[in-house]
Amino acid sequence: MSSEGQKGKKRFKSQFCGNAKRQKRRHDLEVGMQGILITCNMNERKCVAEAYSLLNEYGDHMYGPEKLSEKDDGLSESEEDDDAEAALKKEVNQIRTSTEKNLRRFQSVESGANNVVFIRTLNVEPEKLVHHIFKDMYTTKKKKTRVILRMLPVSGTCKAFLEDLKKYAETFVAPWFKSPNKGTFQIAYKARNNNHMNREEVIKELAVIVASQNPENKVDLSNPEYTIIVEIIKNVCCLSVVKDYTMFRKYNVQEVVKSSNEHEPQQPTKENKDENEKETQDTQHATDS
């Protein structure tokens, strides 16, 4: 290969590898992901560390130890004789294959909101894993975290626009609510860094969709079988359907480990009280409409 060709090849490889490294460093919450949305109080780095520790502990228990294939970033000898374009294509395929083989079971990504961590999951059922964690903590009352507040499974994501949500929800809620399946439900809604989704409208549309799947699906705001969680961050809508939402204190890891006597004297904070009242009013309004 001529010296000019070698220079071109190096230039292509250098440029591509630089772009690839920048892309690898940037992991953002996006449509299509499953995972666990975790809230904390100011210390996101510590929150991520606690999340990895907790999820790996219970993940290993449910799914066995994580196995990672070895990475092979080396170039084959035959590439030395290829031109720059062919080398670039091989490099692209090599990095893509290597990335696919080495995706971790749990991987932190940028959530797009302060005090919110998103852990993307792979080959894990977020709802079952998080429910297992809370069931154990509820039973043992053993406190395992300091900065994590709530852990919410995210089993599906779509674009945060009403029409996208309506279309996606038709299929998403079917395993729980489509006849012959049925159940009582409530809807818990929260939006962050998003000003084009209307809480009341979203809850109303979701309630209509659930009711259309089976007329026996009914709203229960005190002790529902299922809670449909809607968490919107920027332009991504995160969805899940969970059990024992009330018993597990809205999936709050700090509250679920407290004994019954510790809960009695406590008064809800103004923020939680306002949110509770809003959820109740909106869900009730949706079913009355």
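Everything that follows concerns the structure shown earlier in this document.
The notes below deal with the structure included here. (Residues numbered from 1 in each chain as written. Predicted model: local features only at pLDDT ≥ 70, side-chain atom pairs only at ≥ 80, totals over all residues. Heavy atoms only, no water.)

Let's shift gears to the pattern of salt bridges. As enumerated under the stated definition, the model contains nine salt bridges in all. Between R104 and E66 there is a salt bridge, and its shortest N-O distance comes to 3.4 Å. Of this pair, R104 sits in the loop between α3 (84-101) and β2 (106-109) while E66 sits in the loop between α2 (44-63) and α3; the two residues are 38 residues apart in sequence, bridging distant segments of the chain. Residue classification places R104 among the partly exposed positions, given a relative accessible area of 37%. Residue classification places E66 among the partly exposed residues on the basis of a relative accessible area of 24%. Because the salt bridges share partners, they merge into one network encompassing E163, K166 and E205. (Salt bridge = Lys/Arg side-chain N within 4 Å of Asp/Glu carboxyl O. Helix = DSSP H or I, 4+ residues; strand = E, 2+ residues; numbered from the N terminus. Buried < 20%, exposed > 50% of the residue type's maximum accessible area, 1.4 Å probe, protein only.)

The next point concerns the sheet that holds strand β1 (residues 35-40). Ordered by their spatial adjacency, four strands build an open sheet running β2-β3-β1-β4, and the pairing between neighbours is antiparallel. The open sheet has two edge strands with one neighbour each: β2 and β4 (148-154). Taken over all neighbouring pairs, the strand axes of this sheet differ in orientation by 25° on average, direction set aside. Bridging between β2 and strand β3 (residues 116-121) involves four bridges; their strand directions are antiparallel. Counted as the bridge partner of F106 is T121 from β3. Packed onto the sheet, helix α4 (residues 126-140) meets β1, β2, β3 and β4 and runs at close to 145° relative to β4. (Pairing = 2+ DSSP bridges. Axes fitted to C-alpha atoms, helices over the stretch in contact; angles between N-to-C directions. Contact = heavy atoms within 4.5 Å.)

This part covers the pairing of strand β9 (residues 236-242). Across the seven residues of β9, seven count as buried, placing the element largely inside the fold. Of the two faces of β9, both are covered, the one formed by V236, C238, S240 and V242 as well as the one formed by C237, L239 and V241. Connecting strand β8 (residues 226-233) to the antiparallel partner β9 that follows it, the hairpin turn spans two residues, and K234 within it adopts a positive phi of roughly 55°.

A few words on the packing of aromatic side chains. This model, assessed by the stated rule, comprises nine aromatic pairs. Put simply, the rings of F134, Y138, Y245, F248 and Y251 pair up and form one aromatic cluster. Here K141 stacks its cationic end above the ring of Y138, 4.3 Å away from the centre of that ring. (Phe/Tyr/Trp six-rings, centres within 6.5 Å; stacked < 30°, edge-to-face > 60°. Lys NZ or Arg CZ within 6 Å of the ring centre and 35° of its normal.)

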